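# Survey of secondary and tertiary structure
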Amino acid sequence: MIRSSCSHSPVGIRANREAPIETSADLVAAEDVLLFVNAAITSTGQREFHSSAGEQSLSLDFLHRYLLGNYRDLYAATLSLDINDHNAVLIARNLLVTTAEADPAQRHTEGRLIARRLALLPPPRVYRLFRELRRAKVNNRRTRAIMRDWLAARPDLAFDAVKYRSAVKVAARHAHLTLGREAGVGGPERELGTFLFAPNRRAAYATPILEAWRRAHYEQAALYELPYTVAEGFAAKHGVPRAVFLERIAPRLTRLERLRLQESARGLEADSVRADLRAMPLTRLASYVLALSLDDRVRQRAELTEALRAAARRTAGEQAGQWGKVVAVLDDSFSSYGSGHKRRRPLAVALACHFLLAALARDYVPLWSSGRSDALLVHPYGATPLGERILDGLERGPERLVIVSDGWDNAPPGLAGEVLRIWRTRLDPGHGCGIVHLNPVYDAADFDVRRLAPTVPTAGIRDAEDLVALVELAQFAEGRTGIAELRAHLARRVEGFLG
Amino acid sequence: MTALTLNGLSSRPAQAWGGVRLVPLVRDEPIEDLRLDARLYEADLGIVELDARTTYSSYIPHGFVATWTGDGTPAAAYGTQLSGAAARDPAPRRMSLRFHRRMARRVDKNRLRFMPLHLALEGYLALHFGGPEIAWEEWSRRAIDHGLSPRVEEAYTGATVRGLADALRVFEILPGQCGVLVYAADALAAAFVVPHPGDYRALHSTLVHDLYGELIHHYAMLSMPVTDFRARIADTSVRSLADLRAQARSQQDAWAAFHDRAMAGGLLEGDYTYQQVHQMGRYRLSRFLPPFERQRENHIGELITDEAGRLAYLKTFRLSENQVRRGHLLTRLAACDWNLPDTAAALGVTESELGLRIAAAGFGSLLRQDVLDRYRAQARR
């Protein structure tokens, strides 16, 4: 049972003893939901520094089942929160698999929530979900309707059919769809169906992209009209040199493909593959910077710093400069390397938070756990003396202290917890300084993100972009949250999400 | 006969993972003029440049595989060795290794790797025990001609010690770290010290290829996860941030003192017999043997110290209880010049009892068969 494995709630329900006492069942429910939200924000079922992929997904799967079995409506409502894509897909899948257990009203809300969430997800994830539904033999009316509506809402189904060919085929077959007609693709009726199921039957297609695909089989020039991932296969088939291929496919690259290919293209001197760093999302950009060698980072210091600052300013929006005096304790110990799956993810989150906090605060002091001061050159190294850094931070008398760390405080173990406890109980009982711990890593063994001290709220964080919301939420949750409040909060979120 | 000291090193908070606890040792000042042999590094990893007056020495840990030979076949260094400037020095004492095709491919390209472990331990023991020096009539011809060899001791690779590989993987190497003490279920398994943090980083992961005694293997297998020694600060004494900081610092010192006294006591307070092997410049390579007292920790190992007694290199292996018993028996025999009646008198047992003990310890083949049979007959009576 999950209660015994986590001694306190994820968002720090505790402290305020004067609040009206709900029944313990309510508190348990509230804690469970918050626990689940933290897991759904941070865990992606991938390998982490301290736990394997198997442990992560086993632990996450248990939480999903537990919540689905006990609080189905709250489980569905978490689709409206900033949970990560992996968990959104899992929730959608679990809800669709267990349709029979829901009553009509629940089904209605769930259906809308799922449809809304799927519209926000990247298409490959949704196609993968459809594939899984087929594998699980889930083919109820609601599932088919959701698939039909999602496919109908795709801006260009012919493009999808080329780029995600087998996935679209699986979806069409599973939901009994006649694609050409519903999607309103121009040209002769059911051209899309022919393309998917019997592509060689036609001598020519009326839809340009389908025709380009047909011609690309024997004509090199045609492959540059196709999406990059498809064109890559044709280029290999025609033996096009990589540099030439990259140079000519450059206009068809998506934003993230550009970012991903930029370094290898530079090595091949295909200079038209240039990503606009300033337009990249903050955390993604931080990951990119950390993937560069230290020498490269020094060489491009001005450009990278400017791009990170621009992304941070954009993320901060109108809150920029509103936060007063902020000290951040950022973890760049060896464990922030993450794993081969999530390479340097925890460090990337810390770096992104660093730039975001610099944009938010009027007066900002970053303290890296290694003691380094040049944020652009951070790399995962050394132990985690969090306790000492927190002391350094508190000495500067900040209004807010933000700790970004995986919570493995080991030099010495538990010092951070002791410092925070004594600070709260003896030195700052009036909460003069708001302290928040943001943790990018899900701890599979504890079914939660690892906390530093019970008196300090800890929230899971996936993207630094969510920092503002998380910090506000965590401070609000320093008191005591009951299930009624939580339900109300979720209802508001759901309303905003669907409306 | 002196104790072992960790001169120049201080212990830092332990990092525990499962049943394994690793205690990092940090050097305030790294030793620059004794480094891991350049040939053991990947080609592009340079060694620090020193001025012309300083003599540069290097060491090769026991059992390291590299292509020392001209024809590119891998060989393992035999015993830890000290050498002068790497470029001019001849190839180290080594034993060539024959691998199956698949293994040979894995060791090529000068990769650091400990040699097959039974070889390493056998090497240790062969270095320590030469067999009877006086040909008393009870000893068999083989024992007199060949000593104890071939001796085969069994040990476990680190990879089979449960939790060790994971513990080493998630261990966060400290800045300036030059050594580590490995505990399994809080029993000291091995100590490992190198002169320079760069060497430590290069060698950290080789601890998993290292060898560990049966005792450690069993402890790790059966142990529950060990708990962290968490910092605890009494709130009543804290009135300001400065107090808090002072308390935090004293926690650190208290841990180091506790660790060196209580946890590493078995290693540091032992009474060792040193045997100097080699001297090079200001460094001295020695091997040491424990007193072979039963029912307590016994470590054998090799170390390099400088003229001021500062520890530059250390590698230990903890003997299992059986090995200690055998070592005890051999030392007593050696102390009495391998004379059986004298040894029996010194141990307070009869000669036949001693003979059976020797046989039970696995040294039966050292005694002449008819002598052994006589002892057995006496015992039956």
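Residues numbered from 1 in each chain as written. Chains lettered and ligands numbered in written order. Predicted model: local features only at pLDDT ≥ 70, side-chain atom pairs only at ≥ 80, totals over all residues. Heavy atoms only, no water.

Named according to an unreviewed UniProt entry, chain B is ARG and Rhodanese-Phosphatase-superfamily-associated domain-containing protein originating from Actinoallomurus bryophytorum.

An unreviewed UniProt entry annotates chain A as TROVE domain-containing protein of Actinoallomurus bryophytorum.

### Some points on the overall build of chain B
Secondary structure summary: chain B contains 12 helices and 17 strands in total. Residue burial in chain B is summarised as follows: out of 381 residues, 51% are buried. Considering only intrachain contacts with a sequence separation of at least 6, the fraction spanning at least 24 residues in chain B is 61%. Counting every atom, chain B has about 17800 Å² of accessible surface; 51% of that belongs to carbon and sulfur. (Helix = DSSP H or I, 4+ residues; strand = E, 2+ residues; numbered from the N terminus. Buried < 20%, exposed > 50% of the residue type's maximum accessible area, 1.4 Å probe, protein only. Contact = heavy atoms within 4.5 Å. Areas by Shrake-Rupley, 256 points an atom, 1.4 Å probe, with all protein chains shown as cover.)

### Brief notes about the domain arrangement of chain B
Residues and elements named next belong to chain B. Domains assigned within chain B are domain 1 (10–76 + 97–226 + 246–321) and domain 2 (339–380). Contact with domain 1, which involves 11 residues of that partner, is made by 13 residues of domain 2. Interface area, domain 1 with domain 2, both sides summed: about 1000 Å², of which 58% is carbon and sulfur. Of all residues in domain 1, the largest losses of buried area upon contact with domain 2 belong to Trp136, Glu138 and Trp139, amounting jointly to 53% of the total for that side. By residue class, the composition of the side of domain 1 that touches domain 2 is 4 nonpolar, 2 polar and 5 charged. (Domains from an automatic or database assignment. Buried area = accessible area lost by both parts, 1.4 Å probe. Nonpolar A, V, L, I, M, F, W, Y, C, P; charged D, E, K, R; others polar.)

### What to know about the interface of chain A and chain B
Accessible area lost when the parts come together is the quantity often used to give the size of an interface. Listed per partner, the contact involves 29 residues of chain A and 29 residues of chain B. Between chain A and chain B the total buried area reaches about 2600 Å² when both faces are included, carbon and sulfur atoms providing 59% of it. Of all residues in chain A, the largest losses of buried area upon contact with chain B belong to Tyr381, Pro413 and Arg426 of chain A, amounting jointly to 22% of the total for that side. Inspection of the chain A/chain B interface yields 3 salt bridges. Across the salt bridge formed by Asp392 of chain A and Arg245 of chain B, the nearest N and O atoms sit 2.5 Å from each other. Across the chain A-chain B interface, the total number found is 13 residue pairs in polar contact (both at pLDDT 80 or more). For the side of chain A that touches chain B, the elements supplying multiple residues, two or more each, are α20 (386–395) and α21 (415–427) of chain A. (Salt bridge = Lys/Arg side-chain N within 4 Å of Asp/Glu carboxyl O. Polar contact = N/O pair within 3.5 Å; in protein donor to acceptor, adjacent residues only side chain to side chain.)

### Notes on the layout of surface pockets
Over the atoms a probe the size of a water molecule is rolled, and this reveals where empty space is left. Considered as a void within the structure, the second largest pocket measures approximately 1200 Å³ in volume. In this structure, the second largest pocket is lined by 48 residues; those nearest its centre are Trp408, Asp443 and Arg450 of chain A together with Trp17 and Asp228 of chain B. Listing elements by their share of the lining of the second largest pocket, those giving two or more residues are α21 and β6 (448–449) of chain A together with β2 (15–17) and α4 (164–170) of chain B. Ranked by the residues each element gives to the lining of the second largest pocket, the list is headed by α4 of chain B, at 4 residues. (1 Å grid on protein atoms, 1.4 Å probe; cavity = no way out; pocket = protein on both sides within 12 Å on 5 of 7 lines; lining within 4 Å. Points joined across faces, edges and corners; volume = space filled by probe spheres on them.)

### Details of the domain arrangement of chain A
All names here are of chain A. Along its sequence, chain A is carved into domain 1 (24–214) and domain 2 (282–479). Relative placement of domain 1 and domain 2: their C-alpha centres are 33 Å apart. Each partner contributes to the interface: domain 1 provides 22 residues, whereas domain 2 provides 25 residues. When domain 1 packs against domain 2, close to 2000 Å² is buried across both sides, 61% of that on carbon and sulfur atoms. Counting the contacts that link domain 1 with domain 2 gives 1 salt bridge. Glu48 is the salt-bridge partner of Lys342, the closest N and O atoms lying 2.8 Å from each other.

### What about the sheet that holds strand β2 (residues 363–368) of chain A?
Residue and element names in this part refer to chain A. In space, the 5 strands of this open sheet follow the order β2-β1-β3-β4-β7, with parallel pairing throughout. Each edge of the open sheet is held by one strand with a lone partner, namely β2 and β7 (458–460). Looking at each pair of strands side by side, their axes are set apart by 20° on average, direction ignored. Two strands pair when backbone bridges link them, and strand β1 (residues 325–330) and strand β3 (residues 400–404) are joined in this way by 5 bridges, in the parallel orientation. (Pairing = 2+ DSSP bridges. Axes fitted to C-alpha atoms, helices over the stretch in contact; angles between N-to-C directions.)

### Topic: the pairing of strand β15 (residues 283–289) of chain B
Residue and element names in this part refer to chain B. Here β15 lies mainly inside the structure; 6 of its 7 residues are buried. Here 7 bridges tie strand β14 (residues 273–280) to β15, and the two strands are oriented antiparallel to one another. Residue pairing in the sheet places Gln275 in a bridge with Arg287 of β15. As consecutive antiparallel partners, β14 and β15 are separated by 2 residues, and within that stretch Gly281 has a phi angle of approximately 60°, a positive value. For β15 and strand β16 (residues 299–305), the ladder comprises 5 bridges, and the chain directions are antiparallel. Residue pairing across strands places Ser286 opposite Leu303, the latter belonging to β16.

### Some points on the pattern of salt bridges
Residues and elements named next belong to chain B. Evaluation of the coordinates by the stated rule reveals 38 salt bridges over all chains. Taking the shortest distance from any N to any O, the salt bridge between Arg21 and Asp186 comes out at 2.8 Å. Residue Arg21 is located in strand β3 (residues 20–27), and its partner Asp186 is located in the loop between β11 (177–184) and β12 (187–193); the two are separated by 165 residues in the primary sequence. Take Arg21: its relative accessible area is 1%, and that puts it in the buried class. One network of salt bridges, in which partners are shared, links Asp33, Arg282, Asp306, Glu307 and Arg310.

### A look at a positive patch on the surface
Taken together, the side chains of Arg255, Arg260, Arg284 and Arg314 of chain A present a region of like positive charge at the surface. Looking at where Arg284 of chain A falls in the secondary structure, it is placed in helix α16 (residues 282–291). (Patch = residues over 30% accessible without salt bridge, like charges linked within 9 Å, V, L, I, M, F, W, Y side chains within 5 Å. Lys, Arg positive; Asp, Glu negative; His and termini not counted. Charge placed at Lys NZ, Arg CZ, Asp CG, Glu CD.)

### Notes on the state of the cysteines
Inspection of every chain in the model, using the stated rule, returns 0 disulfides over all chains. The thiol of Cys433 of chain A is unpaired, and the distance to the nearest cysteine sulfur, on Cys353 of chain A, comes to 17 Å. (Disulfide = S-S within 2.5 Å.)

### Some thoughts on the environment of Asp331 of chain A
All names here are of chain A. Relative to the assigned elements, Asp331 resides in the loop between β1 and α19 (345–360). Residues Asp331 and Leu351, spaced 20 residues apart in sequence, show a C-alpha to C-alpha distance of 9.3 Å. The contacts of Asp331, once residues within four sequence positions are left out, are Ser336, Leu347, Ala350, Ser369, Thr384, Val404, Ser405 and Asp406. For Asp331, the side chain forms a polar contact with the side chain of Ser333, separated by 2.8 Å.

### As for the environment of Gln247 of chain B
Residue and element names in this part refer to chain B. Summarising the element assignment, Gln247 is placed in helix α7 (residues 241–263). A relative accessible area of 22% means that Gln247 is categorised as partly exposed. Sequence separation between Gln247 and Ile233 is 14 residues, and the spatial gap between their C-alpha atoms is 6.7 Å. Setting aside anything within four residues of it in sequence, one finds Gln247 in contact with Ile233, Ser237 and Val238.

### Notes on helix α1 (residues 24–42) of chain A
Between its first and last C-alpha atoms α1 of chain A spans 27 Å; for 19 residues at 1.5 Å apiece the expected length is 27 Å, and the two agree. Here α1 of chain A lies mainly inside the structure; 15 of its 19 residues are buried. (Expected span 1.5 Å × (residues − 1).)

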